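A closer look at the structure
Residue-level listing of the chains:
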Amino acid sequence: MASSSKADVTEQEEEEEIDHFNDFTLASSWERFISEIEATCRQWMADGPKKLLEKGAVHLDSSDNIYKVKSDLKIAAKVYSMEYYFEVSNNGKIADWNSTLHDLHLCFGVKEFLVISPQSASGVVLDAPEATKLLSTISIALSNCSSLWPAFVPVHDPSRQSYIGIQNMGTNFTRRFEADRIGSQVPIKFMHLEGLYELFVSKFAYCTADHSMHLFKVHLRMKLTYRTLPNDEDNDNDIQEPDAENADSETSLGGDNRNRKHWDDDCPWNEWYFAEDPVKGFDLVATWSEKVVESSLEMAELENASPHEAENWILAPNLSPNLDSSKEDRIGFASQLLLLVNALDISFGVQFVEDFVSVQTPDSDNLNSSMVIPPQAVLDHVLKDLFLEGLQLPNFAKDEHKNSQAIKGAPLESLFTQFCLHSLWFGNCNIRAIAVFWIEFVREIRWHWEESQPLPRIPANGPIDLETCLINQKLQMLAICIQKKREQNKEVDASANMEENIKGGEKSSSFHAKSQAFDGKRDSLFIPEDFNGSKTAVPKFNANSQDVHSADKSCSDSIRRGSSGPVGSMKLLKSCQSLHAPFTQSAPLMTEDMHEERLRAVEASGDSFNFSAQLERERLSSDMSAFKAANPDADFEDFIRWYSPGDWENDESAKNFTEGVMDEWPPRGRLSQRMSDHGNFWRKIWVDAPILAAFEQKPLLDPNHEGEKILHYLETLRPRQLLQQMVCTAFGASADILNQTNFGSLKQMNMKMDQLYLTMASTLRSLQVNLSSNISETIEDVRRLCVVFEHVEKLVTLAASLHRKFRQEPRIAEAIFSDFYNFYLPTMEIGLADVVNEKEFDMKLQLRQDERQFVSNMFKPPTANQSWRKVLSMGNHLNGHEPILREIIFTMFDNASESHYASVADHDTSSSPSPSPRVNEHEIETYRMYTCGTSNDLRVALAVTSHD
């Protein structure tokens with residue numbers, strides 16, 4: 001044990017001596033700098049891509065699978081940064097036109113590389129000797145660690161994007177790189193393919209003769225990028241961003257801007273706001289794969305070639321930067337709905353809507369000066385649009401989404417929905433403007449009531465739609481009351497005119513004539529329905545209806561009134577006369593709160609049968625009176641047999657009677673237990689019911705009383721109750737408008753709309769009750785719903801724009817939308833409006849041969865008045881458009897087996913790039929030149945392999 005311990009101490013001392021060993025070969029600072037670079041590169045080589053990712057390699061935003069690691073190096077007073085760029089997954093080859101690559105990937109065709117640059121404001125080495133020395137230093141370090149990585153140093157001015165670089169390719173061969181850029185005044189020669197070809201040939205053709213007279217097998221690949229002309233409306237920013245004070249007059253009411261032509265003129269939201277076109281234009285990329293060019297003349301011919309001759313066409317949409325980000329000044333339904341939710345938040349705790357007009361509220365601090373009330377002229381204009389006379393009643397069920405009723409708002413074209421939509425833009429949807437608008441809205445409704453004028457956009461017949469919000473139900477019931485009131489006024493006027501006519505005629509027949517005329521007018525109020533066995537609601541009554549069935553010849557027929565005819569073979573129990581079904585009044589209409597009030601009363605009573613009869617006393621008494629008038633000899637049992645057959649129990653021997661064979665009279669049967677109980681409330685009503693036909697009775701619905709109750713409800717409605725119903729209705733209406741958009745057969749868009757309705761129904765359900773607790777939590781939930789709505793609204797505008805542009809080629813629209821949907825999906829899942837996607841949408845769609853002509857037609861020839869057009873100076877025009885960018889890769893190969901490059905061909909180059917395909921296994925790329933530019937700028941990157 002002792003000897004073992006002693007041995008360990010000895011080894012430890014030896015290690016300490018090694019650690020303190022001074023290497024006097026690193027005498028200078030540059031030698032120590034080389035050693036530091038070498039150590040860093042060895043560590044990166046040992047780690048490999050997988051381990052570097054674990055250590056925190058940084059992902060490049062512009063690429064899918066390119067990462068970099070960084071190390072700071074110091075020499076003397078200067079600090080340099082050395083960055084290593086690598087790919088996580090690759091097939092050993094760099095795609096020539098991959099836009100997601102690093103700039104140096106494309107310039108020099110390298111796969112993985114180092115960049116060393118000074119930590120300065122410019123980030124480039126401005127001193128040429130320093131750059132050369134720095135490049136030599138890193139070259140020595142890479143050679144020491146047997147690395148084949150190319151290394152680059154940025155030089156000159158940053159705007160020139162200049163680099164020099166070097167790569168060890170074996171024992172005796174080196175590859176050198178150089179890139180530079182001309183930012184202006186490009187020589188005319190280099191604007192054309194012929195001049196660029198001669199520039200490349202000059203790098204290896206060591207003669208002064210004309211290059212056009214010599215044949216060199218130069219390999220060429222070319223990429224041309226074209227861009228559609230921008231829309232004129234994109235420059236009209238004032239149209240897209242109206243100020244808050246005039247938003248209501250410009251956006252809601254329409255102004256001079258409506259005379260202009262916008263891309264969304266036929267879109268459903270255009271009535272309320274102008275949307276920015278999310279598709280700003282398109283880039284078309286035409287590429288030629290490897291071609292062998294032997295002379296300048298061939299290059300001149302290639303410059304005159306049409307882009308239609310290119311092997312590949314790739315379409316890239318240019319989307320608005322606002323599409324995948326949120327702007328505070330963005331105008332749309334989502335932005336206005338958020339303002340409406342803010343108004344709802346302020347409304348809690350305030351008792352009356354009028355308090356907001358005077359700004360004398362407990363929360364008056366929240367009412368800042370920005371809450372401007374529009375001028376009276378604007379208000380009058382909006383009210384005129386709402387209550388426009390002569391409007392045809394719309395079809396509320398048209399284009400309605402299957403889940404829209406779950407939101408419990410109101411039909412899109414209804415009066416209250418239009419009020420809510422106008423409120424979104426009136427005064428930029430602040431609480432004071434909404435209060436003023438509501439007060440004037442209710443005043444206008446009262447005027448219609450007092451003047452017996454029909455309410456527009458509301459049906460004045462049919463049942464109350466209990467699936468809508470309470471305000472819409474009240475307005476629908478008020479419209480019916482106005483209609484009843486108008487009919488009563490007509491009857492009074494007709495009766496007065498008849499009395500005047502009677503005074504001039506025979507007085508002996510005045511009563512009979514008056515009663516017959518009155519009978520016919522009163523029955524005109526009744527709505528036809530079908531007889532269902534338990535109740536009778538009959539067709540419209542007329543004076544001759546009693547003559548239709550005259551089978552009974554008894555004296556009872558002379559006093560029978562209000563009969564619609566016998567009910568099958570049913571007979572009265574005592575007189576054996578045919579049982580007649582009476583005309584009855586329609587059931588009184590009730591809104592949701594009236595139903596709930598009756599339901600609570602029934603629950604409090606406990607005796608649901610008798611109490612429900614009390615609640616329906618007027619209706620039941622009316623039906624009994626009508627039955628007595630139609631069947632003068634009827635008993636209570638006869639009424640039950642007709643009105644509620646379930647409460648009449650037949651004996652077994654009475655079956656023949658029901659089949660029309662009367663073996664025994666009266667038939668054996670009895671009332672049910674609940675109808676035969678002592679003190680039954682139905683029997684009491686029967687005893688008290690007078691013998692009156694329906695036309696002789698007082699109407700069950702008193703339009704004057706109910707109309708005043710509705711107006712009282714509207715005038716005393718609390719702000720929070722108003723805003724809760726407005727929020728639900730505005731959300732549903734906005735979604736319904738977006739749902740009317742024609743965007744073709746985009747499955748993702750249809751699915752997203754379905755999800756939106758379900759999300760709205762779930763979130764807004766808390767606003768459909770009396771909200772007294774968790775108010776702040778509910779408000780935040782609705783605000784988050786505004787974010788969800790904004791995402792869907794953006795998708796709808798994009799889908800509509802793509803559908804309009806590619807109506808004849810739907811595959812292109814579907815492909816672009818699907819790609820953006822998948823790109824935007826993570827942002828939608830986060831659910832935050834202020835999240836900015838770090839990556840940009842960069843979609844490249846390969847076009848089919850049959851789609852090229854349609855896309856080519858999108859590049860309309862420029863007109864003469866487009867003064868911004870440059871003078872055409874490059875070839876390969878597409879409908880008069882020159883490329884906005886031309887990229888060419890020239891390469892030259894030498895036969896490795898018959899030249900001094902043979903050794904490098906035999907060397908293992910598995911870690912070195914293979915930027916372009918070899919002609920055969922024995923050829924190596926000796927020269928490569930990448931050019932990129934237009935007539936105004938030109939960038940050239942040259943790579944040369946040499947024998948040292």
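All figures in this text were calculated on a predicted structure; none of them were measured in a lab.

What counts, and at which threshold
- Residues numbered from 1 in each chain as written.
- Predicted model: local features only at pLDDT ≥ 70, side-chain atom pairs only at ≥ 80, totals over all residues.
- Heavy atoms only, no water.
- Helix = DSSP H or I, 4+ residues; strand = E, 2+ residues; numbered from the N terminus.
- Buried < 20%, exposed > 50% of the residue type's maximum accessible area, 1.4 Å probe, protein only.
- Contact = heavy atoms within 4.5 Å.
- Areas by Shrake-Rupley, 256 points an atom, 1.4 Å probe, with all protein chains shown as cover.
- Phe/Tyr/Trp six-rings, centres within 6.5 Å; stacked < 30°, edge-to-face > 60°.
- Salt bridge = Lys/Arg side-chain N within 4 Å of Asp/Glu carboxyl O.
- pLDDT = per-residue confidence, 0-100.
- Axes fitted to C-alpha atoms, helices over the stretch in contact; angles between N-to-C directions.
- Parallel < 35°, antiparallel > 145°, perpendicular 65-115°, else oblique.
- Left-handed = near helix turned anticlockwise from the far one by under 90°.
- Nonpolar A, V, L, I, M, F, W, Y, C, P; charged D, E, K, R; others polar.
- Core = buried A, V, L, I, M, F, W, Y, C linked by side-chain atoms within 4.5 Å.
- Pairing = 2+ DSSP bridges.

**What to know about the overall build of the protein chain**
In terms of regular secondary structure, the protein chain is built from 29 helices and 18 strands. When each of the 948 residues of the protein chain is scored for burial, the buried share is 48%. Counting contacts in the protein chain only where the partners sit at least 6 residues apart, residues at least 24 apart contribute 73% of the total. Element-wise, carbon and sulfur atoms account for 49% of the exposed surface of the protein chain, whose accessible area totals about 46,300 Å².

**Section: the packing of aromatic side chains**
The description of two aromatic rings rests on the distance between their centres and on the angle between their planes. Tallied over the entire structure, the rule returns 43 aromatic pairs. Arranged with centres 5.0 Å apart and planes meeting at 65°, the rings of F108 and F177 form a pair that is edge-to-face. Placement of the pair is F108 in helix 3 (residues 103-108) and F177 in strand 7 (residues 173-182), with a sequence separation of 69 residues. F108 sits in the buried class, given a relative accessible area of 0%. For F177, a relative accessible area of 4% corresponds to the buried category. An angle of 35° between the planes, with centres 5.0 Å apart, marks the rings of F426 and F437 as tilted. Placement of F426 in the loop between helix 12 (415-425) and helix 13 (431-450) and of F437 in helix 13 is noted, with a sequence separation of 11 residues between them. An aromatic cluster is defined as three or more aromatic residues linked by ring pairs; in this entry it consists of F387, F416, F419, F426, F437, W438 and F441.

**Quick word on the pattern of salt bridges**
Per the stated rule, a full pass over the model turns up 37 salt bridges. Put simply, E198 and K189 hold a salt bridge, and the shortest N to O gap is 3.5 Å. On the accessibility criterion, K189 (48% relative accessible area) is partly exposed. D593 is paired through a salt bridge with K474; the nearest N and O atoms lie 2.9 Å apart. Within this pair, whereas D593 is found in helix 16 (residues 592-605), its partner K474 is found in helix 14 (residues 470-503), the two being separated by 119 residues in sequence. Overall, the relative accessible area of 25% leaves D593 in the partly exposed class. Accessibility expressed as a relative area gives 8% for K474, which makes it buried.

**Considerations on the confidence of the model for the protein chain**
Residue-level pLDDT values for the protein chain average 80, and 75% of them are 70 or greater. Here residues 903-919 is modelled with pLDDT under 50, and outside its nearest four sequence neighbours on either side it reaches 41 contacts, counting other chains as well.

**Structural notes on the packing of helix 12 against helix 13**
At a minimum axis distance of 11 Å, the contact between helix 12 and helix 13 shows a crossing angle of 155°. Regarding the angle of helix 12 to helix 13, the classification is roughly antiparallel. In the crossing of helix 12 with helix 13, the sense of the turn from one axis to the other is right-handed. The segment helix 12 lies against helix 13, with L415, F416, F419, H422 and S423 engaging F437, W438 and F441. Class assignment for the residues of the contact of helix 12 with helix 13 results in 6 nonpolar, 2 polar and no charged.

**Digging into the nonpolar core**
Formed by 157 residues in total, the largest nonpolar core has its most connected members in W269, F333, W438 and F731. Among the nonpolar cores identified, the runner-up in size contains 31 residues, and L52, Y67, L73 and L135 belong to it.

**Here's the deal with the pairing of strand 2 (residues 66-75)**
As paired strands, strand 1 (residues 58-59) and strand 2 are joined by 2 bridges and run antiparallel to one another. Paired with H59 across the bridge in strand 2 is Y67. Pairing geometry for strand 2 and strand 3 (residues 78-87), over 10 bridges, is antiparallel. Within the sheet, the bridge partner assigned to K68 lies in strand 3 and is Y85. Hairpin remark: strand 2 followed by strand 3, antiparallel, with 2 residues in the connecting loop; positive phi at A76, about 55°.

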